[in-house]
Amino acid sequence: VSAREPLLAQHRPMAPTRGGGPDAVAFDHATSFWSALIMLSCTCTLFVVAQWTTHLRAWQHALSADDVVSIITFLDIGAFLAFIPGVLYDDLGCKIVGYVGALLSLGGYVCMDQLLKSDAGANVPLLCFVGFVIGHGSIWLVVCALNTVTNNFEKQDRGRAVG
């Protein structure tokens, strides 16, 4: 691909094609769909903030309602930085963005679990940072899933594929 070709022309489908023809297209679409569904199901914990509030306070009794709101605010700030994985998706591709998102999310959730289980008490600034990491990792996965789906579906089918 030459540097003069438009950026959109440089995108290739993520899934390998097997042979050619309609079976290859169906394989690409099915792979994209299931990959996106798995990634989005892992990241949708961002959207159940009401459950987070109840559970955080149940697991760590030292947390006040204001502490939980602070943690969730940092989680949202991490998620609002979606432009970072968006730019890097164009430069580095799906796999790297997906791996980074998975590592950030996994690391954040493991740290959150360990901090909430500890007997040392609630370290709110550290929990806020971990919330930020979880939110940011989750949005990397969302960006990866949505961009991959839109790259692998025709323009007239993208709305149905994403929504």
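Residues numbered from 1 in each chain as written. Predicted model: local features only at pLDDT ≥ 70, side-chain atom pairs only at ≥ 80, totals over all residues. Heavy atoms only, no water.

Section: the overall build of the protein
- Looking only at helices and strands, the protein has eight helices and zero strands in total.
- Going residue by residue from the N terminus, the α and β elements of the protein occur as α-α-α-α-α-α-α-α.
- Taken across its 163 residues, the protein has 31% of its residues classed as buried.
- Summarising the internal contacts of the protein: among those between residues at least 6 apart in sequence, 69% fall at separations of at least 24.
- Approximately 9700 Å² of the protein is accessible, and the part contributed by carbon and sulfur atoms is 66%. (Helix = DSSP H or I, 4+ residues; strand = E, 2+ residues; numbered from the N terminus. Buried < 20%, exposed > 50% of the residue type's maximum accessible area, 1.4 Å probe, protein only. Contact = heavy atoms within 4.5 Å. Areas by Shrake-Rupley, 256 points an atom, 1.4 Å probe, with all protein chains shown as cover.)

Remarks on helix α6 (residues 94-117)
- The terminal C-alpha atoms of α6, which comprises 24 residues, lie 34 Å apart, in line with the 34 Å expected from a rise of 1.5 Å per residue.
- Of the positions making up α6, those classed as buried are C94, V97, G98, G101, S105, G108, M112 and L116. (Expected span 1.5 Å × (residues − 1).)

Considering the packing of α6 against helix α7 (residues 124-152)
- Running from amino to carboxyl end, α6 crosses α7 at an angle of 150 degrees, the nearest separation of the two axes being 8 Å. Comparing the axis directions of α6 and α7 gives the class roughly antiparallel. Like other packed secondary-structure pairs, α6 and α7 cross with a definite hand, here left-handed.
- When the residues that make up the contact of α6 with α7 are grouped by side-chain class, the tally is 18 nonpolar, nine polar and no charged. (Axes fitted to C-alpha atoms, helices over the stretch in contact; angles between N-to-C directions. Parallel < 35°, antiparallel > 145°, perpendicular 65-115°, else oblique. Left-handed = near helix turned anticlockwise from the far one by under 90°. Nonpolar A, V, L, I, M, F, W, Y, C, P; charged D, E, K, R; others polar.)

So, the pattern of salt bridges
- Tallying each qualifying case throughout the model produces one salt bridge.
- Salt-bridge contacts for D113 lead to K117; the nearest nitrogen and oxygen are separated by 3.2 Å. Taken together, the residues D113 and K117, both in helix α6 and four residues apart, mark about one turn of the helix.
- Classification of K117 as exposed rests on a relative accessible area of 59%. (Salt bridge = Lys/Arg side-chain N within 4 Å of Asp/Glu carboxyl O.)

Some points on the side chain of S105
- Inspection of the secondary structure puts S105 in helix α6.
- In this structure the side chain of S105 is engaged in a polar contact, spanning 3.2 Å, whose partner is the backbone nitrogen of S138.
- Not counting chain neighbours up to four residues away, the residues in contact with S105 comprise I134, G137, S138 and L141. (Polar contact = N/O pair within 3.5 Å; in protein donor to acceptor, adjacent residues only side chain to side chain.)

A closer look at the nonpolar core
- In terms of nonpolar packing, the biggest core is built from 13 residues, with L56, L63, I71, M112, L116 and L127 touching the most fellow members.
- Examining the composition of this core, we find that five residues originate from one element, α7, more than from any other.
- In contact with L127, not counting residues within four places along its chain, are L63, I71, M112, L115 and L116. (Core = buried A, V, L, I, M, F, W, Y, C linked by side-chain atoms within 4.5 Å.)

Here's the deal with the state of the cysteines
- Scanning all chains against the criterion turns up zero disulfides.
- The thiol of C144 is unpaired, and the distance to the nearest cysteine sulfur, on C94, comes to 3.2 Å. (Disulfide = S-S within 2.5 Å.)

Regarding the side chain of T148
- Here T148 lies in helix α7.
- Engagement of the side chain of T148 in a polar contact is seen with the side chain of Y89, the distance being 3.1 Å.

Quick look at the confidence of the model for the protein
- Per-residue confidence for the protein gives a mean pLDDT of 75; residues scoring 70 or more make up 67%.
- Least confident of the elements in the protein is helix α1 (residues 7-10), whose mean pLDDT is 44; most confident is helix α5 (residues 83-92), at 90.
- Under a pLDDT of 50 for its full length, residues 1-18 has, in the predicted model, 22 contacts with residues more than four places off or in other chains. (pLDDT = per-residue confidence, 0-100.)

Quick word on the packing of α5 against α7
- Orientation of α5 relative to α7, taken along the N-to-C sense of each, is 45 degrees, at an axis distance of 9 Å. The angle between α5 and α7 falls in the class oblique. In this structure, α5 crosses over α7, and the sense of that crossing is right-handed. For the pair α5 and α7, contact is made by I84, P85, G86, L88 and Y89 and by H136, I139, W140, V143, C144, N147, T148 and N151, respectively.
- Residue composition of the contact of α5 with α7, grouped by class: eight nonpolar, five polar and no charged.

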